[in-house]
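Coordinate inspection notes
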Amino acid sequence: MTTVVDSQPVHQGRSRERVELILSQLDRLPTLPVVAARLLSVTTSDETSVRDAVEIIESDASLTAGILRLVRRADLGVRSRGITVSRAVALLGFNAVRNAVLSVQLYEVFSRPCEDARTTAAREGLWRHGIGVACTAEMIGESLGGPGLGSEAFVCGLLHDIGKIALDACLPKSFTRVVEDVERRHVCVCDAEREIFGLDHTVAGRHLAARWRLPQAVVECAWLHHQSAGALPSSVVHGRLVAIVHLADDLVRAAGVGFSGYGHVGDAEEAAKALGVDPDNLTTLLERLPERMESFQELIGLGGDGNRREYTTSLAAANRQLGRINAKLSAENRRLEVRSACFGALEQFSERLSDQDRIGDVCVAAADALHGMLDAHRTVAFFADGGSRCVYAGVSAADDEDGTVLVVDQSESHGATVRDWLSLVPDVPRLVSAPPDSEHFWQQCTGVCADEPLWMLPVIGLNGAAGGVLVCASEQAVFRFQATPAECEALARAIGFAWVSARAHLDADRTNEELLDLNRRLGAAQKELVRTRSISMIAKMAAGAAHELNNPLAVISGRAQLELGKCSDPDSARTLQLIIDQTQRATQIVTDLMNFAKPEPPKPALVPIADLLESLCQHWRATSSLGEERLSLTVADHDVSVYADPAQLREVLGAVVTNALEATEPETVRLHINSPSRASDETIRIVVEDNGTGMTPSVLEHALDPFFSSRPAGRGRGLGLSRAYRLVEINGGRLSLTSTPAVGTTVTIELPAGAPTS
Amino acid sequence: MTNNRTKQVFTTGEVARICKVSQQTVIRCFDKGQLKGFRVPGSRFRRIPRDRLVAFMRENGIPLDQLESGKRRVLVVDDDEQIIDMFTDLLGKDGRFEVRTAVTGYEAGIVTEQFRPDIVLLDFKLPDINGNAVCRTIRANPVYEHMKIIMMSGVADPDEIEELLQVGADEFVRKPFDIKSVIERMTELLKVA
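Remember, it's a predicted structure, so these values are computed and weren't measured experimentally. (Residues numbered from 1 in each chain as written. Chains lettered and ligands numbered in written order. Predicted model: local features only at pLDDT ≥ 70, side-chain atom pairs only at ≥ 80, totals over all residues. Heavy atoms only, no water.)

For the rest of this paragraph, the subject is the interface of chain B and chain A. Contacts between the two partners involve 20 residues from chain B and, on the opposite side, 17 residues from chain A. Where chain B abuts chain A, roughly 1600 Å² becomes buried across the two surfaces, and 59% of that area is made up of carbon and sulfur atoms. Applying the counting criterion to the chain B and chain A interface returns one salt bridge. With a shortest N-O distance of 2.8 Å, Asp89(B) and Arg559(A) are connected by a salt bridge. Across the contact surface, chain B and chain A share four residue pairs in polar contact (both at pLDDT 80 or more). The element contributing the most residues to the side of chain B that touches chain A is helix H6 (residues 81–94) of chain B, with seven residues. Each residue belonging to the side of chain B that touches chain A can be placed in one class, and the counts come to six nonpolar, two polar and twelve charged. (Contact = heavy atoms within 4.5 Å. Buried area = accessible area lost by both parts, 1.4 Å probe. Salt bridge = Lys/Arg side-chain N within 4 Å of Asp/Glu carboxyl O. Polar contact = N/O pair within 3.5 Å; in protein donor to acceptor, adjacent residues only side chain to side chain. Helix = DSSP H or I, 4+ residues; strand = E, 2+ residues; numbered from the N terminus. Nonpolar A, V, L, I, M, F, W, Y, C, P; charged D, E, K, R; others polar.)

Next up, the structure:
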């Protein structure tokens, strides 16, 4: 086996890990019994703290019993009857009680049973050592600074070796090895610990004490009790106590009291001198030690043989105490039951909510929550918005059907409205009797009369709105909850929040929809603007093009005409004539385009539309030799007139009908004239339907563009429909197209109805 | 004869030959104020300016062919050389017309002053001033009272055509044109057989 000094550098990495491991395990150690820890943190500075300490002790039945026994053993001249913990504290002094408590509880930690007899013995030895050091330190402290310092020194002495407890608790087997090692090899216990654990009990003790939140003095003593007074770091606050414990430890070990492992025993006389203790007194001190330890152990009932009768008496006293506590607890329990019902309802309510809830959904969820909580027959949650006279209501779920949502319009209601009787309800979130007028509303919502009294939980904080939950339940069911205003208030506020949030959601939804509609309209307007702008672009371009194109066209045409005059060859003459004709056609295209972009202003007049269409139809039938079955006309009202330019109207109808006849080889073309319903409609619709091949959406989208044609390139100029659209537009009407492939196309022309004032 | 066509001032003898009357008759008409003219300063010689003579001959129904060779003077104003060339060709070959050309409104003014055309074929869009401005200027001068103006344009806006006729154009012809009908319109306006 390597020696400690040699092994350290070699295993530094490993041992550091091990230290970390042990320290992390310290965190998982059972804490110092809570009572002791809290007691240690309480100071004795004032009356309040003493009362706190008494309460702390009373909270632990066995501890109470122990303290009462302590009083009797101390034989302070009082009879056991009427002894209380607070009286015991008064009689014994706070510090004595604290020390006793600490010792009792620490002993419980130390004396855990172990299969290994040697370890058990070692633990008992440790305990005796601790008591020895505690008593010695107390005596030294008393001699230096009176009972106050003595008491503090006692606590520090008692706890100075808690590091060993920690190591034992974390790694019991290794701790057994330490014990063996120390016995066999007679090495210092610290060295053995470092060799086996990687750290010694002073470091472990420091961590455990800190973890248990023990006073700083205890932490320092646990850490530094092996250091001589001269070697203490300057940061140490309680150097004097550390020195006392150090001296006591040395003395006790030298005297061989208990077991603490072997180790170097320092020069006690030097240490005593440094502390200001007369070295001569040390001998007397050690002589008094066994007696003192004995009386202490007897006092706390650990060492001597217990007196059975006293034990029974104290147990009875403890039992009485327990009884009182039990009574208090059951009262608390009843209160908690009501609270739990409230919070159960709250939980049920919150679980039902989602961020998509509408006000009605929230109403039903609230009604259901109170329904379950109050064991009610029926509940109705309602919400009256600030602005409107509509009331949202949710009726709780009945036996086998879901809850229902109602919107009650009270704008035409007779008698008291919800708001009227709501104003009678006190504005507090408590369960109160509902006003008599609410009965009518109840019937409106549930459809039945209330078979138990009506109660109401007003919901507040609705920001201008009002609402509440109506409950039909027995008096007993409601009574329990009237005593717990805070919980009911929490529920009422939660419902209120949910309502406000649902309404905000609703508002946001509406705003969204409006925004969407606005966007759609904006999009349409933009499209129209683009179209108008592109038309005005075409107009500018056409004017420029007309001028630029017409000169060369005039030259081409003129030269051809000159040549034609001199030409005698018939072939050349035909070619020249072709050139002349095509030039004329090119000129016409430019002219059409200009007319499209800048049509002549309409000269509107009253046009009897039925007569016009009938004569046009006859004309079309004659020119295209069509029968009535192919081109039909239906007129709803022969007397209607439109107010438009007659010539342009003819052109429009001609273009639309020609398009219908030519475009898609239809079997029939039907024209309707829908007479307007004069009251509201100022427009007349002329519908031209064909059952041709129709247009695909992409064709339809461009059907009104100038020069667009779905026909093969080079056939027609494609200005017909777009010019018609333009002419209808300048006559104050609208032309729209719908088309379904394989079904046909419908052109609807809307024109202003005849002169309104004639 | 060739002189007569370009001469700006005539003697009574020359006027007598042109009008095919005696010199005495010419002197009598001059002295009566029927034929307007002036006397050469420092002498009694009568002189008659060309426009006065033309006016006198028209008033009395005397044929102008001695003065104007029988050919009608045509001024073609267009900034497009191809158009000008075409008209030069067309009208030159016709034989009844004497043709001058101009490519700007300014040049048109100068040539009008010198050439005194019977008819102007005037393009609407000119590089400097528009045809209607040229037309308005000509009409503002009573000397050119009898001058005919045919406006030509590729722009077919009816409002604009109406405006052109308002400022004094006799005819509007759209480009490109049917040559025959243009010639017909010209001869009609000039009453050329």
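Back to the text.
It is worth spelling out the pattern of salt bridges at this point. Side-chain pairs of opposite charge can arise whenever the charged atoms involved come near each other. Residues and elements named next belong to chain A. If you walk through the whole model with that rule in mind, you get 27 salt bridges over all chains. Its salt-bridge partner being Glu 651, residue Arg 723 comes within 2.4 Å of it at the nearest N-O pair. Here the residue Arg 723 occupies a position in helix H27 (residues 720–730), and Glu 651 occupies one in helix H25 (residues 646–663), the gap between them amounting to 72 residues. The class of Arg 723 is buried, set by a relative accessible area of 18%. Judged by relative accessible area, Glu 651 falls into the partly exposed class, the value being 35%. When salt bridges with common partners are traced through the structure, they connect Asp 191, Arg 194 and Asp 200 into a single cluster. (Buried < 20%, exposed > 50% of the residue type's maximum accessible area, 1.4 Å probe, protein only.)

Attention now moves to a negative patch on the surface. Residues Asp267(A), Glu269(A), Glu270(A), Asp278(A) and Asp280(A) make up a contiguous surface patch of negative charge. Along the polypeptide, Glu269(A) turns up in helix H15 (residues 268–275). (Patch = residues over 30% accessible without salt bridge, like charges linked within 9 Å, V, L, I, M, F, W, Y side chains within 5 Å. Areas by Shrake-Rupley, 256 points an atom, 1.4 Å probe, with all protein chains shown as cover. Lys, Arg positive; Asp, Glu negative; His and termini not counted. Charge placed at Lys NZ, Arg CZ, Asp CG, Glu CD.)

A word on the packing of aromatic side chains. In the structure shown here, the tally under the stated rule is three aromatic pairs over all chains. Their ring planes at 55° and their centres at 5.5 Å tell us that Phe87(B) and Phe177(B) sit as a pair that is tilted. With Phe87(B) in helix H6 and Phe177(B) in the loop between strand S8 (171–174) and helix H10 (179–190), the pair connects residues that are 90 residues apart, well separated along the chain. The two residues Phe87(B) and Phe177(B) agree in class, both being buried. The aromatic ring of Trp223(A) is capped on one face by Arg206(A), whose charged end is 3.9 Å from the ring centroid. Between Arg73(B) and the ring centre of Phe115(B), over which it is positioned, the NZ or CZ distance is 5.9 Å. (Phe/Tyr/Trp six-rings, centres within 6.5 Å; stacked < 30°, edge-to-face > 60°. Lys NZ or Arg CZ within 6 Å of the ring centre and 35° of its normal.)

The next point concerns the sheet that holds strand S2 (residues 38–39) of chain B. Across a sheet, strands are paired by hydrogen bonds formed along the backbone, either parallel or antiparallel in direction. Residues and elements named next belong to chain B. Taking strand neighbours across the sheet as the criterion, the three strands line up as S1-S3-S2 in an open arrangement whose pairing is antiparallel. Taken across any chain shown, the strands that pair with only one partner, and hence form the sheet edges, are strand S1 (9–11) and S2. Of the strand pairs in this sheet, S1 and strand S3 (residues 46–49) are connected by three bridges, and their pairing is antiparallel. Looking at the pairing, Phe 10 lines up with Ile 48 of S3. Taken strand by strand, helix H3 (residues 23–32) contacts S2 and S3, and its axis lies near 80° from that of S3. Against the sheet, helix H4 (residues 50–59) engages S1 and S3, with an angle of about 80° to S3. (Pairing = 2+ DSSP bridges. Axes fitted to C-alpha atoms, helices over the stretch in contact; angles between N-to-C directions.)

Right, let's get into the sheet that holds strand S1 (residues 378–384) of chain A. All names here are of chain A. An order of S3-S2-S1-S6-S5-S4 is seen for the six strands of this open sheet, with the pairing classed as antiparallel. Either end of the sheet is taken by a strand with one partner, and the two such strands are strand S3 (404–409) and strand S4 (432–433). Inspection of the sheet shows S1 paired to strand S2 (residues 390–395) by five bridges, in the antiparallel sense. Residue pairing in the sheet places Ala 384 in a bridge with Val 391 of S2. Of the strands in this sheet, S1, S2, S3, strand S5 (454–459) and strand S6 (466–472) are in contact with helix H20 (residues 438–446), which crosses S1 at around 105°.

Turning our attention to the pairing of strand S5 (residues 97–102) of chain B. Residue and element names in this part refer to chain B. Sheet analysis places strand S4 (residues 72–77) next to S5, joined by six bridges and oriented parallel. Residue pairing for S5: Leu 75 is matched across the bridge by Arg 100. For the crossover that starts at S4, traverses H6 and ends in the parallel S5, the hand is right-handed. (Right-handed = clockwise from strand over helix to strand, strands pointing away.)

Before going further, it helps to spend a moment on the nonpolar core. Residue and element names in this part refer to chain A. Membership of the largest hydrophobic core comes to 66 residues, with the highest contact counts inside it found for Ile 140, Ile 162 and Leu 247. Here the element with the most residues in this core is helix H8 (residues 117–158); it accounts for 16 residues. Excluding residues within four positions of it along the chain, Ile 140 makes contact with Ile 244, Leu 247, Ala 248, Leu 251, Leu 275, Val 277 and Leu 285. (Core = buried A, V, L, I, M, F, W, Y, C linked by side-chain atoms within 4.5 Å.)

So, on to the environment of Ala134(A). All names here are of chain A. Looking at the element boundaries, Ala 134 is found in helix H8. According to the relative accessible area criterion, Ala 134 is buried, its value standing at 0%. Taking C-alpha positions, Ala 134 is 8.8 Å from Asp 249, a pair spaced 115 residues apart along the chain. Not counting residues up to four positions away in its chain, the partners in contact with Ala 134 are Phe 154, Gly 157 and Leu 158.

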